[in-house]
Amino acid sequence: MTPAFRERVVDLDAVTGNVRRLRELVPTPHAMVVVKADAYGHGAVECARAALAGGADWLGVAEIAEGLALREAGITAPVLAWLHDPEDDFAEAVRARIDLGLSSLVQLETAAAAGDGETPVAVQVKVETGLSRNGVAEQDWDAVFARARELEDAGRIVVRGIFSHLSNASPEDDLAAVAVYERALARAEAAGLQPELRHLAASAAALSLPEARYDLVRFGIAAYGLSPFGGGHGAELGLRPAMTVRGRVAAVRRVPAGKGVSYDYTYRTTEETTLALVPLGYAEGIPRHASNRAPVSIGGRTFRISGRVAMDQFIVDVGDLEVQVGDEVVLFGDPATGVPSADDWAEAADTINWEIVTRLGGRLARTFVGGAA
């Protein structure tokens, strides 16, 4: 396939295979694949279908609008949405059969009022276990659980799940959060709640902390073939990166020694050399702070970006390599094929692989291969 001027290629078979592999490693009764933020930049609708084909039986999104987009695409699998604007239309979510993740008594009452009076609204209560983000605070558990039981008895809601999230700060911190979560479950049971789903673990804890698995685990970055453990590669877990970011050389220039390159001349050539212009920049989400550091593959060889990443482009000093306009440039993809990885880019940009793939956009085209695409 001839690469586009600038594109990200998403292999849906890789997503399906990754989910299948994760289900082998973590055979909990249920598995959710998180497709929030457009499936971490990979394409929410397409990756949702690929994940379901691999054995996921739940999908997770942050916002109701993301869940509605799945429904509009004809996806009928269970969906949970857990981060809400105060003005969100819970009734629309209820009509679309999207479970509402709730973090407060106010949200609980709003959800109960959003039903049609005939079918109970499916909710999942999120409890705060140490991450200090959303989730019902421990001092409010009893009030929220008691009210939830009243609303269940009245037929207005059904508490399908109780869940939380871990910090991944350390095994000790995560086990401490598991203990807090166990207290929450005990208090919910004392209030008369019997949720069918208990879930706490995302990719990292699902793979490394069996105590956190419960009834369902939530696979995020791992479903896309990237390691949830800093410094590792997905291949170590039997996973394959689903995204390749590539483009074509837009211009080639032969320059003498001492030539300044890109803004601020943070790179100067040390000898006569060839410069290749790559038409991707921070407008596409290429991190400027990876300037002079991030690797790219041209002609089967790996080079470093030379000079500043600009809005539309960056330059690569390729030495005496014979490069022509139109040649393929791979920023990152599957390292098993000899190209840099998203993890390499994360290291170069002092960040995490989650950000590298999720931040992409702008004029970067997206092409799907495999699956039903």
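One structure accompanies this document, and this report is about it. Since this is a predicted model, take the numbers as computed values, not measurements. Positions within a chain are numbered from 1, following the residues in the order the chain's sequence is written. In view of the model being predicted, local features appear only for residues whose pLDDT reaches at least 70, and side-chain atom pairs are presented and counted only at 80 or more, with totals across whole chains, interfaces and linings using the full set of residues. The side-chain quantities take in all heavy atoms of the structure and omit both hydrogens and water.

The next thing to look at is empty space enclosed by the protein. Residues are called lining when one of their atoms sits within 4 Å of a cavity or pocket point, these points coming from a 1 Å grid over the protein atoms alone, where a cavity is a set in which a 1.4 Å probe fits but cannot get out and a pocket is an open set with protein on both sides within 12 Å along at least five of seven lines. Grid points are joined across faces, edges and corners, and a volume is the space filled by probe spheres set on the points. Per the counting criterion, the structure on display carries one cavity of 30 Å³ or more. For the largest cavity, the full set of lining residues is Lys126, Val127, Glu128, Thr129, Gly130, Leu131, Arg133, Asn134, Ser164 and His165. Residues were grouped as follows: Ala, Val, Leu, Ile, Met, Phe, Trp, Tyr, Cys and Pro as nonpolar; Asp, Glu, Lys and Arg as charged; and all remaining residues, including Gly, as polar. Of the residues in the lining of the largest cavity, the class split is two nonpolar, five polar and three charged.

Each pair of aromatic rings taken from Phe, Tyr and Trp, with Trp reduced to its six-membered ring, is defined by centres within 6.5 Å and is described as stacked if the planes are under 30 degrees apart, edge-to-face if over 60, and tilted in the remaining cases. Enumeration according to the criterion identifies three aromatic pairs in this entry. Consider the rings of Tyr181 and Tyr214, whose centres lie 5.0 Å apart with planes at 75°: the pair is edge-to-face. One end of the pair, Tyr181, is in helix α8 (residues 171–190); the other, Tyr214, is in the loop between α9 (203–208) and β9 (216–219), with 33 residues separating them in the sequence. As far as the burial class goes, Tyr181 and Tyr214 line up, both buried. In DSSP terms, a helix is any run of H or I states spanning at least four residues, a strand is any run of E spanning at least two, and both are numbered starting from the N terminus. Think of it in three bands: residues with accessible area under 20% of the maximum for their type are buried, residues over 50% are exposed, and the middle band is partly exposed, with areas taken using a 1.4 Å probe on protein chains only.

This part is about the pairing of strand β15 (residues 295–298). The two faces of β15 match: Pro295 and Ser297 on one face and Val296 and Ile298 on the other face are all buried. The criterion for strand pairing is that DSSP finds at least two bridges linking the strands in question. Following β15, the chain reverses through two residues before pairing antiparallel with strand β16 (residues 301–306); Gly299 in that reversal takes a positive phi of roughly 60°. In terms of strand pairing, β15 meets strand β18 (residues 328–332) through two bridges, oriented antiparallel. Residue Ile298 lies in a different strand from β18, and its bridge partner there is Val329.

Moving on to the environment of Val316. The residue Val316 is located in strand β17 (residues 314–319) in this model. Since its relative accessible area comes to 0%, Val316 is described here as buried. Sequence-wise, Val316 and Pro195 are 121 residues apart; in three dimensions their C-alpha atoms are separated by 55 Å. Two residues form a contact once any of their heavy atoms are found within 4.5 Å. Beyond its immediate sequence surroundings of up to four residues, Val316 is in contact with Thr274, Leu275, Ala276, Val278, Val296, Ile298, Phe303, Arg304 and Ser306.

Attention now moves to the pattern of salt bridges. What makes a salt bridge here is a side-chain nitrogen of Lys or Arg within 4 Å of a carboxyl oxygen of Asp or Glu, nothing more. Summed over the entire model, instances satisfying the criterion amount to 21 salt bridges. The salt bridge partner of Asp38 is Arg366, with a shortest N-O separation of 2.8 Å. Placement of the pair is Asp38 in helix α2 (residues 36–40) and Arg366 in strand β19 (residues 365–369), with a sequence separation of 328 residues. In this structure Arg366 comes out as partly exposed when scored by relative accessible area, which is 28%. The partner of Asp264 in a salt bridge is Arg308, with the nearest N and O atoms 3.1 Å apart. One end of the pair, Asp264, is in the loop between β12 (260–261) and β13 (267–268); the other, Arg308, is in the loop between β16 and β17, and 44 residues separate them in sequence. Because the salt bridges share partners, they merge into one network encompassing Glu138, Asp142, Arg183 and Arg187.

Next up on the list: the sheet that holds strand β14 (residues 273–278). The mixed open sheet is built from nine strands, whose spatial order is β11-β14-β17-β16-β15-β18-β10-β1-β19. A single partner strand is all that each edge strand has here, and the edge strands are β11 (251–255) and β19. Strand-to-strand twist in this sheet, taken as the mean axis angle between neighbours without regard to direction, amounts to 35°. Pairing geometry for strand β1 (residues 6–11) and β19, over five bridges, is parallel. The partner of Arg8 across the bridge, within β19, is Arg366. Working convention: axes come from line fits to C-alpha atoms, limited for helices to the stretch in contact. Angles between N-to-C directions cover 0 to 180 degrees. Each of β1 and β19 is contacted by helix α1 (residues 12–25), which is oriented at about 40° to β1, the strand it contacts most.

What follows concerns the packing of helix α6 (residues 105–113) against helix α7 (residues 141–153). One can describe the packing of α6 onto α7 by two numbers: an axis separation of 10 Å at closest approach and a directional angle of 10°. With respect to their mutual orientation, α6 and α7 come out roughly parallel. Side by side, α6 and α7 meet where Leu105, Leu108, Glu109 and Ala112 of the first sit next to Val144, Arg147, Ala148 and Leu151 of the second. In terms of residue class, the contact of α6 with α7 is made up of six nonpolar, no polar and two charged. For classification, angles of less than 35 degrees are called roughly parallel, those exceeding 145 degrees roughly antiparallel, those between 65 and 115 degrees roughly perpendicular, and all remaining angles oblique.

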